[in-house]
Amino acid sequence: MAQRLIRAAALAALCAVQPAGGAIAATTTAPQQREPSAGERASFEEYYRQQVPPRLSGGPSLFAPAFDIQRRPGQPWQVIARVDSAPRHHTVELCRQIRTSYIYDAREQRWTPSAAAPGWYVWLATPRVICTAAQRTVRMDPAVHPDDVTALLRQQNELLRRARLLFAGNSQCARQRALNFRLSAIEPAPPANGAPAMVGMVFDSDRDTTVKVAVRKSRGEYAAWNVSCRD
């Protein structure tokens, strides 16, 4: 009897400190972030002007680097600068910018291009209008045909609406069904049973989660085929 009382008391104490859902919460530390120093900004501007002539960068007026500087506790700062090329027509219906990343080596005190391939960012063009910078762009994998990209950009709201119907059948996605999403990328998707031609759409939510929608292409029509979610 005494042993049962001791076990019951221990179980009650454990439940008192255990969070809802039955899992003990783990503490995570977000990376530190900061703005570039005047020296870092000046050194990158000098490096970029020497390495990339205005005819390629689009001219001084379009030179506006974005800096991403962060570190984990106990680690050195990682300093990355990103620059978008001048907007250009990729096709009649698509505008495109190419985003290139550069990394600062603090020990060598010099910038070098990132090992990552430059990213393509696209948006729908306005007929008979020169491409200008857009507030919202979508990352495009060069392996996806431009016609598919154009179609998915035009149909993104309808495809997302249909994809939400698939959320309920996926335990990772069910709780995200009502979140707000924005299309962030279009990329190749592996073939699925009964759907050999697939394209992937990546959506980011307002809760910092990511949803991937595999879209089936058949005879020029597109349908949300399956979904996967990541917190």
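Residues numbered from 1 in each chain as written. Predicted model: local features only at pLDDT ≥ 70, side-chain atom pairs only at ≥ 80, totals over all residues. Heavy atoms only, no water.

### Some remarks on the layout of surface pockets
And step 1. Size it by volume and the largest pocket reaches roughly 270 Å³.
And step 2. As for the largest pocket, its lining consists of Arg 34, Glu 40, Pro 76, Trp 77, Gln 78, Val 79, Ile 103, Tyr 104, Asp 105, Ala 106 and Arg 107.
And step 3. Among the elements of the structure, β3 (78–84) and β5 (94–105) are those that each provide at least two residues to the lining of the largest pocket.
And step 4. At three residues, the largest contribution of residues to the lining of the largest pocket is made by β5.
And step 5. Of the residues belonging to the lining of the largest pocket, the class tally is six nonpolar, one polar and four charged.
And step 6. If you add up the space inside the second largest pocket, you get close to 220 Å³. (1 Å grid on protein atoms, 1.4 Å probe; cavity = no way out; pocket = protein on both sides within 12 Å on 5 of 7 lines; lining within 4 Å. Points joined across faces, edges and corners; volume = space filled by probe spheres on them. Helix = DSSP H or I, 4+ residues; strand = E, 2+ residues; numbered from the N terminus. Nonpolar A, V, L, I, M, F, W, Y, C, P; charged D, E, K, R; others polar.)

### A few points about the side chain of Thr 210
And step 1. Summarising the element assignment, Thr 210 is placed in strand β11 (residues 210–218).
And step 2. Sequence-distant contacts of Thr 210, defined by excluding residues within four places in its chain, comprise Val 202, Phe 203, Asp 204, Ser 228, Cys 229 and Arg 230. (Contact = heavy atoms within 4.5 Å.)

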